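Report on the structure
Okay, here's what each chain looks like letter by letter:
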Amino acid sequence: MLTGKVEHALDAKNRITIPAKHRAALGAVCTVLDYSPLQLESERPVAEREGYDIRIIRADMTKRLPFEDEEFDLIFHPVSNCYIEDVHHVWRECFRVLKHGGTLLSGTDHYVNYLVDTAEERIVNTLPFNPLKNPEQMRQLEEDDAGVQFSHSLEEQIGGQLEAGFTLLALYEDTNGEGRLHEMNIPTFLAMRSVKP
């Protein structure tokens, strides 16, 4: 549960998100950051239809974010770390641009998804799943038309937030919502609520 007034929220997404309108409803100035121009432009018609203002920024989350230190009260960072090789940088940048007492809501995928075949019946990959270093893994992604993705350990995802300085307040696990891993109730995603002390 979020407490206090949210004045400036950052939607640091890549491909999967809850629309910025939910944060605008809190009265926040919403900034949407993504690398994909198509993803960014998909936000504009929703904002116009719903009658709220957003600031749209195209940037690469593997670089220094184009924001001032302590600019945001809230960062919503949905599942997008799977598209970058080094997540420690992202956690450090989130910490830098978040105000003291601010909240980081993050979603991450679990490395279990990268171990199994498409049918989720056999373990076929080693970890870490890194197609830049493993041509067979790149071939799998190309066959599935999945884009370049990387697995990350809990040490990188949770430990990376803690190393950056965050305090983890809550953790929730969930499944893919379908498929064999879901049927076996094997968690494949994490949602975390952290604060900057």
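Structure first, text after, so check above.
What this report covers is the structure whose coordinates are included nearby. (Residues numbered from 1 in each chain as written. Predicted model: local features only at pLDDT ≥ 70, side-chain atom pairs only at ≥ 80, totals over all residues. Heavy atoms only, no water.)

**A few points about helix α3 (residues 87-97)**
Most of α3 is tucked away: eight of the 11 residues are buried. Within the sequence span of α3, burial applies to Val 87, His 89, Val 90, Trp 91, Glu 93, Cys 94, Arg 96 and Val 97. Structurally, the start of α3 carries an N-cap: the backbone nitrogen of His 88 is 3.1 Å from a side-chain oxygen of Asp 86. (Buried < 20%, exposed > 50% of the residue type's maximum accessible area, 1.4 Å probe, protein only. Helix = DSSP H or I, 4+ residues; strand = E, 2+ residues; numbered from the N terminus. Polar contact = N/O pair within 3.5 Å; in protein donor to acceptor, adjacent residues only side chain to side chain.)

**Focus on helix α2 (residues 37-50)**
Here α2 contains 14 residues, and its C-alpha end-to-end distance of 21 Å stays within 8% of the 20 Å for a straight helix at 1.5 Å per residue. Residues of α2 that are buried: Gln 39, Leu 40, Glu 43, Val 46 and Ala 47. Buried residues along α2 cover an arc of 115 degrees about the axis, so they all sit on one side. Exposed side chains of α2 directed beyond 90 degrees from the buried face belong to Leu 38, Glu 48 and Arg 49. (Expected span 1.5 Å × (residues − 1). Arc of directions from axis to C-beta.)

**A look at the layout of surface pockets**
The space that makes up the largest pocket amounts to roughly 660 Å³. Lining the largest pocket are 25 residues, with Asn 113, Val 116, Asp 117, Thr 118 and Asp 144 positioned closest to its centre. Considering each element in turn, the lining of the largest pocket owes the most residues, four residues, to helix α5 (residues 135-143). Of the residues assigned to the lining of the largest pocket, the class counts are 11 nonpolar, seven polar and seven charged. Forming the walls of the second largest pocket are 15 residues, and the residues nearest its centre are Val 79, Gly 107, Phe 189, Leu 190 and Ala 191. Every element with two or more residues in the lining of the second largest pocket is listed here: β5 (98-109), β6 (167-174) and β7 (189-195). Looking at the lining of the second largest pocket residue by residue, the classes come out as 10 nonpolar, three polar and two charged. (1 Å grid on protein atoms, 1.4 Å probe; cavity = no way out; pocket = protein on both sides within 12 Å on 5 of 7 lines; lining within 4 Å. Points joined across faces, edges and corners; volume = space filled by probe spheres on them. Nonpolar A, V, L, I, M, F, W, Y, C, P; charged D, E, K, R; others polar.)

**Topic: the pattern of salt bridges**
Taken as a whole and assessed by the stated rule, the structure comprises 11 salt bridges. Residue Arg 122 is joined to Asp 117 by a salt bridge in which the shortest nitrogen-to-oxygen separation is 3.5 Å. On the basis of relative accessibility, which here comes to 52%, the residue Arg 122 falls in the exposed class. Notably, a salt bridge pairs Arg 139 with Glu 136, separated by 2.3 Å at the nearest N-O pair. (Salt bridge = Lys/Arg side-chain N within 4 Å of Asp/Glu carboxyl O.)

**Some thoughts on the packing of aromatic side chains**
Applying the stated criterion across every chain, the model contains three aromatic pairs. When the centroid spacing of 4.9 Å and the interplanar angle of 90 degrees are considered together, the rings of Phe 67 and Phe 72 count as edge-to-face. We note that Phe 67, like Phe 72, is buried. When the ring of Phe 95 is compared with that of Phe 166, the centres are 5.2 Å apart and the planes differ by 90 degrees; the resulting orientation is edge-to-face. Of this pair, Phe 95 sits in helix α3 while Phe 166 sits in the loop between α6 (154-164) and β6, placing them 71 residues apart in sequence. For Phe 166, a relative accessible area of 4% puts it in the buried group. (Phe/Tyr/Trp six-rings, centres within 6.5 Å; stacked < 30°, edge-to-face > 60°.)

**Let's talk about the pairing of β7**
The pairing of β5 with β7 spans seven bridges and is classified as antiparallel. Paired with Thr 108 across the strands is Leu 190, a residue of β7. Bridge count between β6 and β7: seven bridges; the pairing is antiparallel. Of the residues in β7, the one forming a bridge with Ala 170 is Arg 193. (Pairing = 2+ DSSP bridges.)

**Examining the nonpolar core**
Leu 10, Leu 33, Phe 67, Phe 72, Ile 75 and Leu 104 are the most contacted members of the largest nonpolar core, which has 19 residues in total. Elements that contribute at least two residues to this core include exactly β4 (72-77), α3 and β5. For this core, the element with the highest residue contribution is α3, accounting for five residues. The contacts of Leu 10, once residues within four sequence positions are left out, are Thr 31, Leu 33, Phe 67, Phe 72, Leu 74, Ile 75, Phe 76 and Val 97. By size, the runner-up hydrophobic cluster in this structure holds eight residues, among which are Leu 40, Ala 47, Tyr 52 and Ile 54. (Core = buried A, V, L, I, M, F, W, Y, C linked by side-chain atoms within 4.5 Å. Contact = heavy atoms within 4.5 Å.)

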